[in-house]
Amino acid sequence: MSKLTDFELYTKVQNGDKSALEQIYDRYEKLLFSFAFRMTQNKDTAEDVIQEVFIKLWRKKGVYSEEKGKFSSWLLTVTRNTCLDFIRKAKGNEVELEDRDSLVKDEMSVEDQITWKEERQKLKSAMHLLADEQQKVVDLFYFKGMSQQKIAEECGIPLGTVKGRIRLALKHLKEKYKAAERGGTYGPKNV
Amino acid sequence: MDPKMCDQLIEYLNGHMNDTEKMEFEAHMEECPDCLDECKEMQELMTDLPYLSEPAAPPEGMKERVLSTVFDSEEIESSKAINKPDTERKSSAYRSRRNWISGVLAAGLVLSLGANAYLLAQNNEKQQALEEKVSQTYVSVNLAPQDSKSSGTASMVKGKKGMNLVVQTKDMVPVKGKEAYQVWLIEGEKKFRAGTFVPDKKGNGTVVFDVDYPGEHNWDAVAVSHEPTAKSEQPKGSIVLLSKL
Ligand SMILES: [Zn+2]
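Now for a look at the structure at hand. A quick note: this is a predicted structure, and the numbers were derived from the prediction, not measured. (Residues numbered from 1 in each chain as written. Chains lettered and ligands numbered in written order. Predicted model: local features only at pLDDT ≥ 70, side-chain atom pairs only at ≥ 80, totals over all residues. Heavy atoms only, no water.)

## Focus on helix H4 (residues 33-46) of chain B
Residues and elements named next belong to chain B. What counts here: Labels follow the DSSP assignment, with helices taken as runs of H or I lasting at least four residues and strands as runs of E lasting at least two, numbered in each case from the N terminus. Residue count minus one, scaled by 1.5 Å, sets the expected span of a helix. The cut-offs for exposure are 20% and 50% of the maximum accessible area for each residue type, with area from a 1.4 Å probe on protein chains only; residues under the lower value are buried, those over the upper are exposed, and the others partly exposed. It is the directions from the helix axis to the C-beta atoms whose arc is reported.
Here H4 is 14 residues long and its end C-alpha atoms lie 20 Å apart, about the 20 Å a rise of 1.5 Å per residue gives. Within the span of H4, buried status applies to Cys-35, Glu-38, Cys-39, Met-42, Leu-45 and Met-46. One side of H4 holds all its buried residues, which, seen down the axis, span an arc of 130°. Among the exposed residues of H4, those pointing more than 90 degrees away from its buried face are Pro-33 and Lys-40.

Below is the structure:
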């Protein structure tokens, strides 16, 4: 049997097909978990996030549609928003989310199995082409989910310039990434 | 265009807004093409960023835990569906739900209290199921966790024989030995014991208590505490959930 597309699986999930949900889970577990871990910096929280995302997928039927773009992008956006909820809640309870190193170190071999290895390498090299300050802005905004005020404080820049700087940093990153994509597909790796 | 509004895009994208602010900003974007374009552009620029994440191995047994929780949440729903009311009752239940929501909003209570939208939606569903059994909800609030990962709702409901307090909780820490959870109604400095419960294995508990204390009362808050025994006349253990009424 040929592999079903994400959208086909999603449609089955809408009809209450448990095995379709399991297939989506298997397809995205590593990516979503790694992303949630990158954002929350805590493996228990990352697991809670994944659970919440799949409950949303299972229960809140009919949210995704093909006009919203790729299913994977939509799923990642849902994951990011869920992470942001958890990060905010943790801040409110003044719980420090931190156990970054414990997990990644003993699992180095995972790097080779991941499906997003190529994208990651291109993005990483694109990121390194940005100025340090721009890399920081991307991290504080996208992965740490900070408010404008917080970003202004962390970077020591006027509040009014935060949005412009984020936008510029993301634009540069995208350009470099596009360039890496064009050059990297057939030729030698540009790392 | 309101320049203050135009500065809010980052807060919007990072979820630093309450529901009202979010709705206001979305309404603003409908009238402000600059913000709308900027928002779309930013979302587009953000699409690939998750792939920057360094690989991390999911914890042992995560798949089983996640999927069983997800499918359990469905079983609650399907058992509810068996008792589906006829159309007439359904519409009246819907109306009464609308009423309590507007009642809660009128009372100036913050609905979400840090709970995410999903939990709220789920509680609303349970709420509706309960409302079909009992008649009218006076007030319903989300219980805010106090140094705990628990969550829940509390509702004052007028039943056939008088007022009831309906408390639904989830993710409660299991009780050991004689321990129990107690629900308290708080009026000023006074705490009235509403009743006791022990959550199930999954940490869920749904209980209905009669509220028939002599005299007139104006309840300020409801709290759930983890008690050493079921017999505490006044709270001795730690409060795990609390909310204003
Ligand atoms: Zn605007």
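## Comments concerning the packing of aromatic side chains
Residues and elements named next belong to chain A. Inclusion rule: Each Phe, Tyr or Trp ring (for Trp, its six-membered ring) is paired with any other whose centre lies within 6.5 Å, and the angle between the two planes then decides the class: stacked below 30 degrees, edge-to-face above 60, tilted in between.
Here the structure, examined in full by the defined rule, presents 15 aromatic pairs over all chains. Measuring from centroid to centroid gives 5.2 Å for Tyr-64 and Phe-71, while their planes differ by 85°, and the two rings are edge-to-face. We note that Tyr-64, like Phe-71, is buried. Plain terms: the ring middles of Tyr-64 and Trp-74 are 5.3 Å apart, the flat faces sit at 45° to each other, and that makes the pair tilted.

## Here's the deal with the coordination of the zinc ion
Residue and element names in this part refer to chain B. Quick note on the threshold: The donor set comprises N, O and S atoms within 2.8 Å of the metal, extended to 3.2 Å for Na, K and Ca; water molecules are omitted, so apparent gaps in a site may simply reflect that omission. Here a site with four donors is tetrahedral if all angles are between 85 and 135 degrees, and a site with four or six donors is square planar or octahedral if opposite donors are over 155 degrees apart and the other angles are between 65 and 115; anything else gets the irregular label.
The coordination sphere of the zinc ion, as far as protein atoms go, consists of Cys-6 (SG), His-28 (NE2), Cys-32 (SG) and Cys-35 (SG), spread over 2.1 to 2.3 Å. Each of the 4 donor atoms around the zinc ion contributes to a set of angles spanning 101 to 115°, which defines the coordination as tetrahedral. Between consecutive donors of the zinc ion, the numbers of intervening residues give the motif C-x21-H-x3-C-x2-C. Judged by relative accessible area, Cys-35 falls into the buried class, the value being 2%.

## Quick word on helix H7 (residues 117-128) of chain A
Counting along an α-helix, one turn takes 3.6 residues, and residues three or four places apart therefore face a common direction. Taking 1.5 Å of rise per residue, 12 residues should cover 16 Å, and H7 of chain A covers 16 Å from first to last C-alpha, within 8% of that figure. Listed as buried for H7 of chain A are Arg-120, Lys-122, Leu-123, Ser-125, Ala-126 and Met-127 of chain A.

## Digging into the interface of chain A and chain B
This is how the line gets drawn: Should any heavy atoms of two residues lie within 4.5 Å, those residues are counted as being in contact. Two parts placed together each lose some accessible area under a 1.4 Å probe, and the buried area is that loss summed for both. Only one rule defines a salt bridge in this text: a Lys or Arg side-chain nitrogen within 4 Å of an Asp or Glu carboxyl oxygen. Residues adjacent in sequence count toward polar contacts only when both atoms are side-chain atoms; beyond that, a polar contact is any pair of N or O atoms within 3.5 Å, and within protein one must be able to donate a hydrogen and the other to accept it. Charged means Asp, Glu, Lys or Arg here, nonpolar means Ala, Val, Leu, Ile, Met, Phe, Trp, Tyr, Cys or Pro, and polar covers whatever is left, Gly included.
Facing 61 residues of chain A, the contacting portion of chain B comprises 46 residues. Taking both partners together, chain A and chain B bury about 5,600 Å²; carbon and sulfur atoms supply 62% of that area. On the chain A side of the interface with chain B, the three residues burying the most area are Glu-47, Arg-59 and Lys-163 of chain A, jointly 13% of the side's total. At the junction of chain A with chain B, the criterion picks out 10 salt bridges. The closest approach of N and O atoms between Lys-174 of chain A and Asp-48 of chain B, which form a salt bridge, is 3.3 Å. Here chain A and chain B share 22 residue pairs in polar contact (both at pLDDT 80 or more) between them. Here the side of chain A that touches chain B takes 13 residues from helix H2 (residues 18-40) of chain A, the largest share from any one element. Looking at the side of chain A that touches chain B residue by residue, the classes come out as 28 nonpolar, 8 polar and 25 charged.

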